[in-house]
Amino acid sequence: MPSVTLSPIGVIHSPYQEKFAVPRQPGLVTAINAQLELLPPYNDPHCVRGLEEFSHLWVMFLFHQNGTDEWHPTVRPPRLGGNQRVGVFASRSPFRPNPVGLSVVELKGIHHQGNRVWLELGGVDLVNGTPVVDIKPYVPFVDSVPHARGGFAPKAPVTMPVTFTAEMELRCQQIAIVHPGFRDFLQQVIAQDPRPAYRKQDDDHKIYGVRLLSFNVNWRVENGIAIICAITDIE
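Residues numbered from 1 in each chain as written. Predicted model: local features only at pLDDT ≥ 70, side-chain atom pairs only at ≥ 80, totals over all residues. Heavy atoms only, no water.

A.B. asks: I'd like to hear about the sheet that holds strand β8 (residues 131-137), residue by residue, with values.
C.D. replies: Judged by pairing direction, the barrel is antiparallel, and its six strands sit side by side in the order β1-β2-β7-β6-β3-β8 before closing back on the first. Ignoring strand direction, the axes of neighbouring strands in this sheet form an average angle of 45 degrees. Inspection of the sheet shows strand β6 (residues 100-113) paired to strand β7 (residues 116-121) by six bridges, in the antiparallel sense. Counterpart to Ile-110 in the pairing with β7 is Leu-119. (Pairing = 2+ DSSP bridges. Helix = DSSP H or I, 4+ residues; strand = E, 2+ residues; numbered from the N terminus. Axes fitted to C-alpha atoms, helices over the stretch in contact; angles between N-to-C directions.)

Written as structure tokens, this is what we have:
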């Protein structure tokens, strides 16, 4: 069997600066958009002619931050608490024989400026800089299967309540001048409880942190509620 070589046709610009806290599925965090910028020679407006007629896209991408981690025949999905193993092909783990991912995303617009062509996307589960290897229109009458079974993930995960200190409420108002919807974005991201699965039941009072947009965001969990306690600029 011949080997296969994939070349990126585009790159993702998203608010997620690292893998930690990226939503585990697309569409779970919708308050801030992302962009898919096409790379030469695919930055030709003719390549996306007619795409504006579709509301959603399939985006095929590469898990480029896997590093040296190797794939294994079984994995521990977070939805099973990180305690049960399933086959790698029964999961959406990024650590796969071929590090290829697939997401359905909302198409919110197509933009041209000079030699730049980019797609405005709704909520994504993609880290900033993700290489995209293909895009295809989502066709509802064949791609949607209303009665499909969801296995160990039959419905959306339960989210965690999120609150802000008074100081951080004010900070969000200031940031929203440049990044509209910033507070809602933070609330949606942290509500997914990105902590490791074995921490989910703990009120450990540990301070967690993640880089989102150009900010370091810190929070802790008390009585099952995430409290956002610091938002600082990335230096």
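A.B. asks: I'd like a description of helix α2 (residues 166-175), backed by residues and values.
C.D. replies: Every buried residue belonging to α2 is among Met-168, Arg-171, Cys-172 and Ile-175, and all of these are buried. One side of α2 carries all its buried residues, which in axial view fall inside an arc of 100 degrees. Facing away from the buried side of α2 by more than 90 degrees, the exposed set consists of Ala-166 and Gln-173. Structurally, α2 contributes buried residues whose contacts are with β9 (162-164), α3 (182-191), β11 (215-222) and β12 (225-233). (Buried < 20%, exposed > 50% of the residue type's maximum accessible area, 1.4 Å probe, protein only. Arc of directions from axis to C-beta. Contact = heavy atoms within 4.5 Å.)

A.B. asks: So what's going on with the sheet that holds β9? Residues and values would help.
C.D. replies: As summarised here, the arrangement of the four strands in space is β9-β12-β11-β10, forming an open sheet in which the pairing is mixed. Both outer strands of the open sheet, β9 and β10 (208-212), are each paired with one neighbouring strand and no more. Taking the axes of each pair of neighbouring strands and ignoring which way they run, one obtains an average angle of 35 degrees across the sheet. Against the sheet, α3 engages β9, β10, β11 and β12, with an angle of about 135 degrees to β9.

A.B. asks: How would you sum up the environment of Arg-195? Please name residues and give values.
C.D. replies: Tracing the backbone shows Arg-195 in the loop between α3 and β10. Sequence separation between Arg-195 and Tyr-208 is 13 residues; the distance between their C-alpha atoms is 8.1 Å. Within the local environment of Arg-195, its side chain forms a polar contact with the side chain of Asp-193, the two groups lying 2.8 Å apart. (Polar contact = N/O pair within 3.5 Å; in protein donor to acceptor, adjacent residues only side chain to side chain.)

A.B. asks: Got a sec to walk through the side chain of Ser-103? Specific residues and values, please.
C.D. replies: Topologically, Ser-103 is positioned in strand β6. Accessibility expressed as a relative area gives 2% for Ser-103, which makes it buried. For Ser-103, the side chain forms a polar contact with the side chain of Asp-125, separated by 2.8 Å. Ignoring any residue separated from it by four or fewer positions in sequence, one finds Ser-103 in contact with Pro-26, Leu-57, Trp-58, Val-59, Phe-61, Asp-125 and Leu-126.

A.B. asks: I'd like to hear about the pattern of salt bridges, residue by residue, with values.
C.D. replies: Evaluation of the coordinates by the stated rule reveals six salt bridges. Here Glu-37 ties to Arg-116 by a salt bridge, and the two come within 3.0 Å at their closest N and O atoms. A residue pair is termed long-range when its members are at least 10 positions apart, and Glu-37 in strand β2 (residues 34-38) and Arg-116 in strand β7 qualify at 79 residues. (Salt bridge = Lys/Arg side-chain N within 4 Å of Asp/Glu carboxyl O.)

A.B. asks: So, unusual backbone geometry: which residues are in play, and what are the values?
C.D. replies: Glycine aside, the phi torsion of most residues is negative, and most peptide linkages are trans. Look at the link from Pro-40 to Pro-41: it is a cis peptide, with omega at 5 degrees. For Pro-41, the position within the fold is in the loop between β2 and β3 (56-62). Unlike most non-glycine residues, Leu-213 shows phi in positive territory, near 55 degrees. Take Leu-213: it is sitting in the loop between β10 and β11. Residue classification places Leu-213 among the buried positions, given a relative accessible area of 17%. Phi is positive for Asn-223, close to 55 degrees, though the residue is something other than glycine. Along the chain, Asn-223 falls in the loop between β11 and β12.

A.B. asks: Tell me what's going on with the nonpolar core, and back it up with residues and numbers.
C.D. replies: Core analysis: the largest hydrophobic core is formed by 48 residues, its most contacted members being Leu-36, Leu-119, Leu-121, Leu-186, Ile-228 and Ile-231. Here this core gets six residues from one element, more than from any other, and that element is α3. Excluding its chain neighbours within four sequence positions, the residues that come into contact with Leu-186 are Phe-164, Cys-172, Leu-212, Val-217, Ile-228 and Ile-231. (Core = buried A, V, L, I, M, F, W, Y, C linked by side-chain atoms within 4.5 Å.)

These values are about where atoms sit, not about what they do.
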